[in-house]
Each structure stands twice: as structure tokens, then as C-alpha cells.
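Descriptive structure summary
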Amino acid sequence: MKYLLFFSLFIQISMAQTSNEIRLIIRSDDIGFCHTANEACMKVYTDGISRSVEILATAPWFMEAVKMLKTQPNYDVGVHLCLTSEWENLKWRPLTHAPSLTDADGYFPQFIWENKTLKNSAYLLQKTININEVEREFRAQIELVKKYLPWASHLSAHMGCTNATAEVKALTERLSSEYKLPIQMPQGTLPIKGFGGASKSPEQKEQDLVAILKSLTPGTHFLVEHPGYDNGDMKGVGHTGYENVAYDREGVTRAFTSAAVKNVIAERNIKLISIKEALE
């Protein structure tokens with residue numbers, strides 16, 4: 001009886017300790033779209049706080065990203081499903097023949113929905129999309145990633161493409177179940193707000209993340225961002241309304257590799273986890 005009482009008390013204390021734990025998921029998006037993004041997405045894992053990265057199977061630097069990720073098999077990988085090619089000077093096409101999903105030049109369109117500030121930009125829903133083409137394309141992207149990175153653990157959406165229509169959303173949920181690659185975060189995961197902003201300097205982003213981490217409450221928190229550097233081929237990336245991409249994303253890399261950020265994580269005993277770990 002005394003043993004049972006002691007064991008019960010131990011379980012209660014353990015549960016209380018677990019309930020007070022602060023867990024943090026840092027997801028780095030868009031590895032594969034350019035060389036500089038690849039380097040930055042790896043840096044924020046090897047020298048920083050990111051534990052999950054989303055790869056674009058359709059993007060031009062996909063194979064370099066694969067080679068890099070194979071050197072770090074503990075880096076959790078997500079299949080970043082894609083139906084858009086947003087930049088003006090850097091474009092990509094579907095892996096499959098999908099005329100209802102492309103613009104007049106055969107590239108993915110710039111956006112999913114109409115961008116009213118960019119009147120001449122192609123967007124996916126300006127014409128009727130063929131759901132069979134979406135399914136073939138999503139399957140091709142999933143299977144290409146799984147071919148080279150078999151430890152991929154989940155799906156995610158580039159620019160919200162999986163919610164383009166109710167039909168696309170239902171398709172994605174079906175593929176998620178079939179491939180056993182979850183697309184939804186666990187219930188109760190808390191999105192972090194107030195970090196990003198294209199006009200913020202790298203110094204401000206670092207300071208903002210330190211402040212955010214100091215204020216986190218017990219639970220699982222989730223931040224999605226796009227690492228980069230203000231140099232290399234990323235200097236040529238952008239579109240009307242978002243021209244300072246490289247400068248913006250340099251700040252993300254700085255914050256995710258910051259010694260001050262890592263000190264707060266250590267001081268508060270914040271547990272860095274991947275999406276895969278959160279789903280287990």
C-alpha cells in the first residue's frame with residue numbers, strides 16, 4: 001500500500017513537472033529555392049535553434065538541399081507542398097504535366113489568391129484548377145522527397161496552397177493519411193506572434209526573439225520563418241511589394257543562431273523539439 005501511494009505521488013509530481021515544461025518548435029521554410037537559402041537553413045540547425053525544415057521539391061536548388069540534408073539525418077524534414085512560384089527573377093514549374101496549375105509560360109503562378117496590389121500577377125484560382133492534376137502533382141512532390149529523404153515526417157503548405165479550395169484541402173488530408181505524413185500540428189500548439197517583419201533590422205529581430213522567449217508560458221510553442229543571408233543569389237530574389245527579401249531573412253538567421261537567444265533558452269530550460277517529436 002505504501003509503495004502504491006509513493007508511486008501515485010511520483011506520477012503526480014512527474015505530470016506536474018511535464019505540465020510546466022516549455023517546448024519550442026522552430027520551423028525553417030523553403031530550403032531548396034536558392035543556394036543561399038539552403039546554406040542558411042542548414043546553419044540555423046547546425047549552429048542554431050531550428051529543428052524542422054521544409055523542402056520544396058519543385059524548386060531549382062532541391063538537389064543541393066538533399067545533399068546537405070543527408071549530412072544531418074536528425075534534422076526533421078517536411079514536404080513543403082507547392083503550387084506557386086512567387087519571385088519575379090526566379091521561377092519553377094510543376095514536376096508533372098499540369099496545365100491548369102501553370103501560368104501562360106508554364107510556371108506555377110505567383111500567388112494562390114488574387115493580389116489586388118499587383119494587378120497583372122498570375123494567381124492559381126484565376127482559372128479552374130483540375131483536382132486530378134493537383135493530386136498527381138502533390139503525389140510527385142511527396143514521392144520525390146521520400147525517395148531522397150526517407151525520414152521526412154510531415155507535410156506543410158507553401159503559401160497556403162493546401163487550403164486553396166475545399167476540394168484541395170480534402171485531397172491533402174487524404175494524402176496525409178495515405179502517406180502517414182501529418183499536416184496538422186498537435187491540438188493546443190501555440191503559434192508565436194510578433195517576431196517577423198520585413199522592415200525590422202537583424203538586430204531588432206534578435207531582440208524581439210529574446211523578449212518573446214522570456215515571456216513564453218508552459219506548453220508547446222511554434223514559430224515558422226524563412227532563414228536567409230543578405231548576399232549571394234538571394235540578393236536577386238523579390239517581387240513588387242517585397243523587395244528586401246535578403247535583408248529580411250538575414251535577420252531570421254541572426255535571431256535563430258544568436259548567442260543571446262540560446263542563453264535565454266538555456267536559462268529558462270526551454271526544450272527545443274521538432275515537428276516529428278511534437279507529433280509522437
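For the structure itself, look to the data block above.
Report on the accompanying structure. (Residues numbered from 1 in each chain as written. Predicted model: local features only at pLDDT ≥ 70, side-chain atom pairs only at ≥ 80, totals over all residues. Heavy atoms only, no water.)

Thoughts on the side chain of Ser28
Relative to the helices and strands, Ser28 is located in strand S1 (residues 22-31). Given a relative accessible area of 0%, Ser28 falls into the buried group. (Helix = DSSP H or I, 4+ residues; strand = E, 2+ residues; numbered from the N terminus. Buried < 20%, exposed > 50% of the residue type's maximum accessible area, 1.4 Å probe, protein only.)

Quick notes on helix H2 (residues 35-46)
Residue pairs spaced three or four apart in an α-helix point in one direction, given the helix's 3.6 residues per turn. With 12 residues, H2 ought to run about 16 Å at 1.5 Å a step, and its terminal C-alpha atoms sit 17 Å apart, in line with that. Along H2, the residues classified as buried are Thr36, Ala37, Asn38, Ala40, Cys41, Met42, Val44 and Tyr45. Packed against the buried residues of H2 are S1, strand S2 (52-55), helix H3 (62-70) and helix H7 (245-256). (Expected span 1.5 Å × (residues − 1). Contact = heavy atoms within 4.5 Å.)

Focus on the environment of Phe62
Tracing the backbone through its elements, the reader meets Phe62 in helix H3. Overall, the relative accessible area of 4% leaves Phe62 in the buried class. Considering only alpha carbons, one finds Phe62 and Phe108, 46 residues apart in sequence, at a separation of 16 Å. Those residues in contact with Phe62, other than ones at most four positions away along the chain, are Gly32, Ile55, Leu56, Ala57, Leu144, Val145 and Tyr148.

With respect to the packing of helix H6 (residues 202-215) against H7
When two helices pack together, their arrangement is captured by the angle between the axes and the distance separating the axes. At a closest axis distance of 8 Å, the pairing of H6 and H7 adopts a crossing angle of 40 degrees. In terms of orientation, H6 and H7 fall into the oblique class. Two packed elements cross with a definite hand, and for H6 against H7 that hand is right-handed. Residues Pro202, Glu203, Lys205, Glu206 and Leu209 of H6 pack against Tyr247, Asp248, Glu250, Gly251, Val252, Arg254, Ala255 and Phe256 of H7. When grouped by side-chain class, the residues that make up the contact of H6 with H7 number six nonpolar, one polar and six charged. (Axes fitted to C-alpha atoms, helices over the stretch in contact; angles between N-to-C directions. Parallel < 35°, antiparallel > 145°, perpendicular 65-115°, else oblique. Left-handed = near helix turned anticlockwise from the far one by under 90°. Nonpolar A, V, L, I, M, F, W, Y, C, P; charged D, E, K, R; others polar.)

Some thoughts on the packing of aromatic side chains
Evaluation of the coordinates by the stated rule reveals six aromatic pairs. Seen from their ring centres, Tyr45 and Tyr75 are 4.1 Å apart, and the 10 degrees between their planes marks the pair as stacked. Of this pair, Tyr45 sits in helix H2 while Tyr75 sits in the loop between H3 and strand S3 (76-81), and the two are 30 residues apart along the sequence. Assessed through its relative accessible area of 15%, Tyr45 is described here as buried. The interplanar angle of 70 degrees and the centroid separation of 6.3 Å between the aromatic rings of Phe62 and Tyr148 together place this pair among those described as edge-to-face. Taken together, the residues Phe62 in helix H3 and Tyr148 in helix H4 (residues 131-148) connect sequence positions 86 residues apart. The rings of Phe33, Trp87, Trp92 and Tyr242 are connected pair by pair, giving a single aromatic cluster. Over the ring of Tyr107 we find Arg93; its NZ or CZ atom is 4.1 Å from the centre of that ring. (Phe/Tyr/Trp six-rings, centres within 6.5 Å; stacked < 30°, edge-to-face > 60°. Lys NZ or Arg CZ within 6 Å of the ring centre and 35° of its normal.)

A look at the packing of H4 against helix H5 (residues 166-179)
Closest axis-to-axis distance for the H4/H5 pair is 11 Å, and the angle between their directions is 35 degrees. For the element pair H4 and H5, the recorded crossing hand is right-handed. Side by side, H4 and H5 meet where Ile131, Val134, Glu135, Phe138, Arg139, Ile142, Glu143 and Lys146 of the first sit next to Glu167, Val168, Leu171, Thr172, Arg174, Leu175, Glu178 and Tyr179 of the second. For the contact of H4 with H5, the residue count by class is eight nonpolar, one polar and seven charged.

Description of the pairing of S1
Most of S1 is tucked away: nine of the 10 residues are buried. Pairing of S1 with strand S6 (residues 219-225) involves seven bridges; the strand directions are parallel. When the bridges of S6 are listed, Leu24 appears paired with His221. As for the winding sense of the linkage, the β-α-β connection from S1 through H2 to S2 is right-handed. (Pairing = 2+ DSSP bridges. Right-handed = clockwise from strand over helix to strand, strands pointing away.)

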